[in-house]
Amino acid sequence: MALKIDKTASPMEARGILTQFGSNVIHEDLNFHLPRGEIVGLVGGSGTGKSVLMNTLLGLKEPEGGMIRYFGYDREELSAEQRFELNTQIGVLFQGGALFSSLTVRENIMVPLREHTDLPVKLMRELADMKIHMVGLPPQSATLYPSDLSGGMKKRAGLARSLALDPEILFLDEPTAGLDPVGANAFDELILGLREAMDLTVLLITHDLDTLYTTCDKVAVLVDKHIAIVDSLPKVIAYEHPWVQEYFGGPRSRAALSAGKT
Amino acid sequence: MSSNSNSHPPEYELSQSGRIITFRAKGSWTLRDIGPIDEALSQKLEALDYDAVHYDVADVSELDTAGAYMFARAVRTASGECHEWEVIAGSTGQRTLVQAAADAVMGRPPEPTRQWYDSLTNMGRASERFFLESIDTIAFIGQFFVVLFKMLLRPRTIRWKSVVALTEEIGLNAAPIVMTLCFFIGAVIAYLGANLLSTFGASVFMVDLVGVSVLRELAPIITAILIAGRSDSAFTAQIGAMKMRQEIDAMTVLGLDTFEVLVVPRALACLISLPILTFLGMMSGIFAGMLIAWLGGLDISPILFFARLNEVVELKQFWIGMAKTPFFAIIIALIGCRQGLAVTGSVDSLGARTTTSVVQAIFAVIAVDAVFALFFFQMGI
Ligand SMILES: Nc1ncnc2c1ncn2[C@@H]1O[C@H](COP(=O)(O)OP(=O)(O)O)[C@@H](O)[C@H]1O
Ligand SMILES: [Mg+2]
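Along every chain, residues carry numbers that run from 1 in the direction the sequence is written. To label them, take the chains in the order written and letter them from A, then take the ligands in the order written and number them from 1. Restriction of local features to residues with pLDDT of at least 70 applies here, the model being predicted, together with a cutoff of 80 or more for giving and counting side-chain atom pairs; totals for whole chains, interfaces and linings are based on all residues.

## A closer look at the sheet that holds strand β7 (residues 169-173) of chain A
Residues and elements named next belong to chain A.
Inference 1: Across the sheet, six strands lie side by side as β6-β7-β8-β3-β9-β10; this open sheet has mixed pairing. With one partner strand each, in any of the chains shown, β6 (90-93) and β10 (226-231) form the two edges of the open sheet. Going from strand to strand, the sheet's axes swing by 15 degrees on average, the running direction of each strand aside.
Inference 2: When DSSP finds at least two bridges between two strands, those strands are taken to pair. For helices the rule is a DSSP run of H or I covering at least 4 residues; for strands it is a run of E covering at least 2, with both sets numbered from the N terminus onward. Where β6 meets β7, four bridges bridge the pair, whose relative direction is parallel. When the bridges of β7 are listed, Leu93 appears paired with Leu172. For helices, the fitted line uses only the C-alpha atoms of the stretch in contact; every axis is such a line through C-alpha atoms, and the angle between N-to-C directions lies from 0 to 180 degrees.

## Quick notes on the interface of chain B and chain A
Inference 1: Taken residue by residue, the interface counts 30 residues in chain B and 28 residues in chain A.
Inference 2: At the level of elements, α2 (65-72), α3 (92-106) and α12 (347-379) of chain B are the ones that each hand at least two residues to the side of chain B that touches chain A.
Inference 3: Residue contributions to the side of chain B that touches chain A peak at nine residues, all from α3(B).
Inference 4: Taken together, the residues that form the side of chain B that touches chain A break down as 11 nonpolar, 13 polar and six charged. Two residues qualify as being in contact provided that their C-beta atoms, derived from the backbone, are within 7 Å of each other. When residues are sorted by character, Ala, Val, Leu, Ile, Met, Phe, Trp, Tyr, Cys and Pro go into the nonpolar class, Asp, Glu, Lys and Arg into the charged class, and all the rest, Gly among them, into the polar class.

## Considerations on the packing of helix α6 (residues 175-198) of chain B against helix α9 (residues 258-295) of chain B
Residues and elements named next belong to chain B.
Inference 1: Between α6 and α9, the least distance of the axes is 7 Å, while the angle of their chain directions is 40 degrees. Crossing angle aside, the handedness with which α6 passes α9 is right-handed. Each of Ala175, Val178, Met179, Cys182, Phe183, Ile185, Gly186, Ala187, Ile189, Ala190, Tyr191 and Ala194 in α6 lies in contact with α9, whose residues at this interface are Leu277, Leu280, Gly281, Ser284, Gly285, Ile286, Phe287, Ala288, Gly289, Ile292 and Ala293.
Inference 2: Residue classes in the contact of α6 with α9 are distributed as 18 nonpolar, five polar and no charged. By convention, the crossing between two helices is left-handed when the near helix turns anticlockwise from the far helix through less than a right angle, and right-handed when the turn is clockwise.

## Some remarks on the confidence of the model for chain B
Residues and elements named next belong to chain B.
Inference 1: A score between 0 and 100, pLDDT records how confident the predictor is in each residue. Mean pLDDT over chain B stands at 86; residues scoring 70 or higher make up 93%.
Inference 2: Per-element averaging of pLDDT across chain B places α3 at the bottom with 77 and helix α11 (residues 315-341) at the top with 93.
Inference 3: With pLDDT under 50 throughout, residues 1-5 is counted as low confidence; its partners more than four residues away or in other chains account for 11 contacts.
Inference 4: For this predicted complex, the interface score ipTM comes out at 0.74, while the overall pTM is 0.69.

Quick look at the structure:
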């Protein structure tokens, strides 16, 4: 049975998530949802389990407890085929880029197109080249292999691949880390533009305060093994929690905030 | 963009007035819809001659970047001229998309390379690589001996801990398989000899056959080939993975010599392991021969077997077999390490290098064995 995506349904909702590695509990009773069409920034200290949360939401790691719904469907209850279809609605940029090292950048972007569409190869190539341009890579990088790219370029190439199928939901794990400030700003703007045009719902794991200020509609804070608050930035800044106060009260944050206001 | 069932197919209308064409589109323009109209649209656009495009996309129900790309292709014709364009009707989101796609189209993508030209260059590159490879291998061997002698002069610089760990991995862990294999080979030779020689009524000569062949050739070469297959691939994969993750670069920057840390311990571990394994293989092969002689219908008792072995097989056969093992050890270790260090960033190269490493090592072991055979023959040993 084909999967009907109701776009007005909540794109992603997680309830009572429990994840652990052995006896090491990473998340406990974690509740989280992505409001449709919004960009939610996820912050939290290093090692608090942001990447693990993303993997859990993606189904790469089975949670020990709790429930995850996409567009109203419980992932567990979907058939393998429906899950495959659901996956075309989800684009992911992993922390390291996770490009296929034996394929060129262009071929990397063509992988999802080959897998999920039956377009002419020439058109696929052109679409891949467009995505390459959209993420701000020079055209020549199309024929380069990932090992020939810098860290920042790998991220962009990974983003291009995650956008290949024009997904509804985009997961980005620290996308602007490793980009130069100009590139990071351009990236932020690109995300905003894409969101507006494509009605994207974005989960953006980031440490980049500028990105939080300029791009995110809401900010979620992962502390004490759960999402403590999901709200607009001013409300999050006002949130009474030592870690949050430290995070947003630091000099970097204030600089970014004043820059964002002007 | 998700469901094909309730979406309308993409439709378009191109109208020209003066140097301006109007591109009026409706229906659903997404990745899943545009396949069928791709050819026709680009041909129509190519047939037109114009300076500017006006897009009317107000009636487009669904649009994604792929659809926007179809629009944007009108911005650049085959001749590569750039034209002005404008979205005269459409939502902000649609404008943004067309804008992004049009920007992308302006940036000229590189031409796809020609196939025949590619294969020709690949052939040239392959031959060039072969020569460079040979030179590199010789240089590598030279560098290895320089470092080895430097370290032997100051034995404290040798990393004995990793030598011991590697010896366990290469030697101890391989002992069962080496012994089993040599046992089978010894048994096969014994049977073969017994069968052939009994037709002459000389089945007792099978003792000579087993003794000489196992000691002189079979045990050393079987052991070496096994270790080449087993440890060479491991060396290449280990060092290659380190290379891929820039661990080798980190070592170099930290002032660690990759030869000292990676190559020499492996070579020493092989140098220790291979003679011992070969010795075990010899024992196991002879033992198999003895069992066949005794229980295989020849009625040569173990006492008679060993008496005969003592009498006809000189000790030098054993030493000839053993003398080859250090050479095999060095060959195996150096080829494995060299291929590992030659790995570049991609997994493909890791796979290719691992294959090359095993093939080269087995080839080299057999080739060197042949050279030894020739040498001993000429020397009359
Ligand atoms: N495969 C794993 N096995 C055991 N522990 C893990 C594994 N992956 C992550 N962890 C642990 O989970 C925690 C969260 O990691 P991670 O999600 O990568 O942090 P971050 O928030 O910086 O992305 C860390 O303490 C890490 O040690
Ligand atoms: Mg992380």
